[in-house]
Amino acid sequence: MTRLLALNELDSFKQVNGWMHSSVPCAVDAWADYYINELKENFSSTLEIGAHHGKLFLVLEAVTPLPIECYAYDLFEDLQSLNIDSSGKGSKVNFIENVSSIAKGPDRLIPIHGDSFSIRHSQLPHRYSLLSIDGSHTREHTCFDLQYANDTISPGGLIILDDFTNPHWLGVMEDTLDFLDNSNRRIKPILAGYNKLFFTTISQASTTLKAIDSRIPQHLNRLSTLKGHVVRCAFSPGHSAICSRLSD
Ligand SMILES: C[S@@+](CC[C@H](N)C(=O)[O-])C[C@H]1O[C@@H](n2cnc3c(N)ncnc32)[C@H](O)[C@@H]1O
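Asker: Sorry if this is basic, but what is going on with the overall build of the protein chain here?
Answerer: Helix and strand counts for the protein chain come out as eight helices and nine strands. With respect to the principal axes defined by its C-alpha atoms, the protein chain has extents near 45 × 45 × 35 Å. Taking all 248 residues of the protein chain together, the buried fraction comes to 46%. By sequence separation, contacts in the protein chain at least 24 residues apart represent 72% of the contacts at least 6 residues apart.

Asker: Explain the sheet that holds strand β9 (residues 229-234) to me, please; I cannot follow it from the model alone.
Answerer: In a beta sheet, neighbouring strands pair by backbone hydrogen bonds and run either parallel or antiparallel. Spatial ordering of the open sheet is given by β3-β2-β1-β4-β5-β7-β6-β9-β8, a layout of nine strands whose pairing is mixed. Pairing within the sheet leaves two strands with one partner each, and these edge strands are β3 (109-113) and β8 (220-226). With strand direction ignored, the average angle separating the axes of adjacent strands in the sheet is 20°. Across five bridges, the pairing between β8 and β9 is antiparallel. Bridged to Thr225 within β9 is Val230. Against the sheet, helix α4 (residues 55-63) contacts β1 (46-49), β2 (70-74), β3 and β4 (128-133), and its axis sits at roughly 170° relative to β1. Helix α5 (residues 92-102) rests against β2 and β3 of the sheet, and its axis sits at about 175° to β3.

Asker: How do you make sense of the site of the ligand when you look at a structure like this?
Answerer: Around the ligand, the surrounding shell holds 24 residues, and the nearest of these are Gly18, Gly50, Leu56, Gly88 and Gly90. Among the secondary structure elements, those contributing two or more residues to the shell around the ligand are α4 and β2. Residues that form the shell around the ligand fall into these classes: eight nonpolar, eleven polar and five charged.

Asker: Which parts of the structure should I look at to understand the pairing of β3?
Answerer: Along a regular strand, successive side chains alternate from one face of the sheet to the other. Looking at chain direction, β2 and β3 are connected through five bridges and run parallel. By the bridge assignment for β3, Asp74 is matched with His113. With respect to chirality, the unit in which β2 leads through α5 into the neighbouring parallel β3 is right-handed.

Asker: Could you clarify how one ought to interpret unusual backbone geometry in this entry?
Answerer: Phi is mostly negative for residues that are not glycine, and the peptide bonds are mostly trans. Omega for the peptide link from Leu66 to Pro67 comes to 0°, which places this bond in the cis form. Looking at the element boundaries, Pro67 is found in the loop between α4 and β2. A positive phi angle, close to 45°, is found at Phe76, a residue other than glycine. Counting through the fold element by element, Phe76 comes out in the loop between β2 and α5. Overall, Phe76 belongs to the buried group, with 22 C-beta atoms counted inside 10 Å. Positive phi is not limited to glycine here, since Ser86 has a value of about 50°. The topology assignment puts Ser86 in the loop between β2 and α5.

Asker: Would you explain the confidence of the model for the protein chain in this entry?
Answerer: In low-pLDDT regions, the fine details of the predicted coordinates are not to be read closely. Summary statistics for the protein chain give a mean pLDDT of 91 and a share of 94% for residues scoring 70 or more. Here residues 239-248 scores under 50 on pLDDT; set against residues more than four positions off or in separate chains, the count is 27 contacts.

Asker: It is not clear to me how helix α6 (residues 139-152) should be interpreted in this structure. Could you clarify?
Answerer: What sets the pattern is the α-helix's 3.6 residues per turn: residues three or four places apart point alike. Helix length check: α6 (14 residues) gives 20 Å between terminal C-alpha atoms against 20 Å at 1.5 Å per residue, within 8%. Within α6, burial applies to His141, Thr142, Phe144, Asp145, Leu146, Tyr148, Ala149 and Thr152. Residues of α6 that are buried in the fold lie against β1, β4, β5 (153-162) and α7 (170-181).

Asker: Can you walk me through the environment of Val230 in this structure?
Answerer: Mapped onto the fold, Val230 is located in strand β9. It is 31 Å that separates the C-alpha atoms of Val230 and Gly54, two residues lying 176 residues apart in sequence. Beyond its immediate sequence surroundings of up to four residues, Val230 is in contact with Leu223 and Thr225.

Asker: What is the right way to read α5 from this model?
Answerer: Every buried residue belonging to α5 is among Phe95, Asn98 and Val99, and all of these are buried. Viewed along the axis of α5, the buried residues span an arc of 90°, placing them on a single side of the element. The exposed set on the far side of α5, more than 90 degrees from its buried face, consists of Val93, Ser100 and Ser101. Elements in contact with the buried residues of α5: α4, β2 and β3.

Asker: Teacher, can you tell me more about the nonpolar core here?
Answerer: By size, the foremost hydrophobic cluster in this structure holds 60 residues, and its most contacted members are Ala27, Trp31, Ile159 and Leu161. Element by element, the count of residues in this core is highest for helix α3 (residues 24-38), at nine residues. With residues up to four places along the chain from it excluded, the contact list for Ala27 reads Leu191, Phe198, Ile212, Ile216 and Ala234.

Rules and cut-offs
- Counting restarts for each chain, with residues numbered from 1 along the sequence as it is written.
- The predicted origin of the model limits local features to residues at a pLDDT of at least 70 and limits the giving and counting of side-chain atom pairs to 80 or more, whereas totals for whole chains, interfaces and linings rest on all residues.
- Helix and strand assignments follow DSSP, with helices taken as H or I runs no shorter than four residues and strands as E runs no shorter than two, numbered in order from the N terminus.
- Three exposure classes are used. Buried residues have 20 or more other C-beta atoms within 10 Å of their own C-beta, exposed residues have 12 or fewer, and partly exposed residues fall in between, all C-beta atoms being placed from the backbone.
- By the criterion used throughout, residues are in contact when their C-beta atoms, derived from the backbone, lie within 7 Å.
- Here, strands pair whenever DSSP counts at least two bridges between them.
- For helices, the fitted line uses only the C-alpha atoms of the stretch in contact; every axis is such a line through C-alpha atoms, and the angle between N-to-C directions lies from 0 to 180 degrees.
- Here, nearness is defined through the C-beta atom: a residue counts as near a molecule or strand if that backbone-placed atom lies within 6 Å of it.
- Classes in brief: Ala, Val, Leu, Ile, Met, Phe, Trp, Tyr, Cys and Pro nonpolar; Asp, Glu, Lys and Arg charged; the others, Gly included, polar.
- Orienting the strands away from the viewer, one traces the path from the first strand over the helix to the second; a clockwise path indicates a right-handed crossover.
- The pLDDT value tells you how sure the predictor is about a given residue, anywhere from 0 up to 100.
- Helix span, as expected, comes to 1.5 Å for every residue beyond the first.
- Summarising the geometry, the arc corresponds to the directions from the helix axis toward the C-beta atoms.
- To count as a nonpolar core, a set of buried Ala, Val, Leu, Ile, Met, Phe, Trp, Tyr and Cys residues must be joined through C-beta atoms within 7 Å.

As structure tokens, then:
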């Protein structure tokens with residue numbers, strides 16, 4: 001059984017509190033298989049902004065080769081007064097409990113507390129292969145987090161932006177559209193689905209999209225465009241969907 005299939009079927013993983021759509025692991029796995037086995041890029045590190053209790057983080061960790069470090073950046077308990085749009089309430093206690101019992105390499109997981117507005121001044125490595133943005137959903141934070149992701153993602157790396165299509169958090173869409181108007185960018189969107197928008201670096205975008213397409217054909221819907229960028233619409237073929245593989 002593959003690592004992600006095993007993760008999806010673990011009762012302890014199912015019980016982790018969070019908001020991840022159950023098809024997201026398939027897209028992440030498809031990208032990781034391409035990035036690691038075909039593109040043969042050196043994996044830099046993994047980061048989630050807004051790790052909460054670790055639901056999506058555990059998926060990101062599962063595809064990150066050992067012993068590469070995985071960082072979780074959140075306000076956690078101590079800084080909730082800065083959670084200005086009440087987008088979930090991160091808990092370091094719950095996060096550590098979950099990753100300690102479920103992650104494949106709990107020792108390489110590094111939780112850091114802070115407001116993402118301060119992320120450039122943190123101890124993070126500022127270079128990532130895999131980065132999820134799911135902290136504050138205000139327009140200003142989205143602007144800041146997306147720009148940070150743009151500046152720190154490695155060539156061919158994957159950025160996952162949450163709630164792009166969620167009407168409860170229109171600031172995410174509002175800022176993303178502004179960001180796409182800016183020609184001074186390294187990244188572009190390639191896949192939309194499961195309440196997420198997935199980006200990679202411009203030079204690697206068309207090969208990455210083809211690679212994901214070929215790995216999860218059962219998820220594919222039509223091609224669309226977003227501000228002129230060709231974006232694959234992905235949908236969920238069923239929640240027991242087929243995650244192809246994952247080696248350790
Ligand atoms: C919607 S939850 C994240 C869900 C998580 N990614 C999952 O897979 O279930 C949002 C998280 O962002 C954190 N957060 C809110 N504002 C933040 C900010 N300004 N900087 C960093 N984290 C923030 C919250 O504490 C909360 O844990």
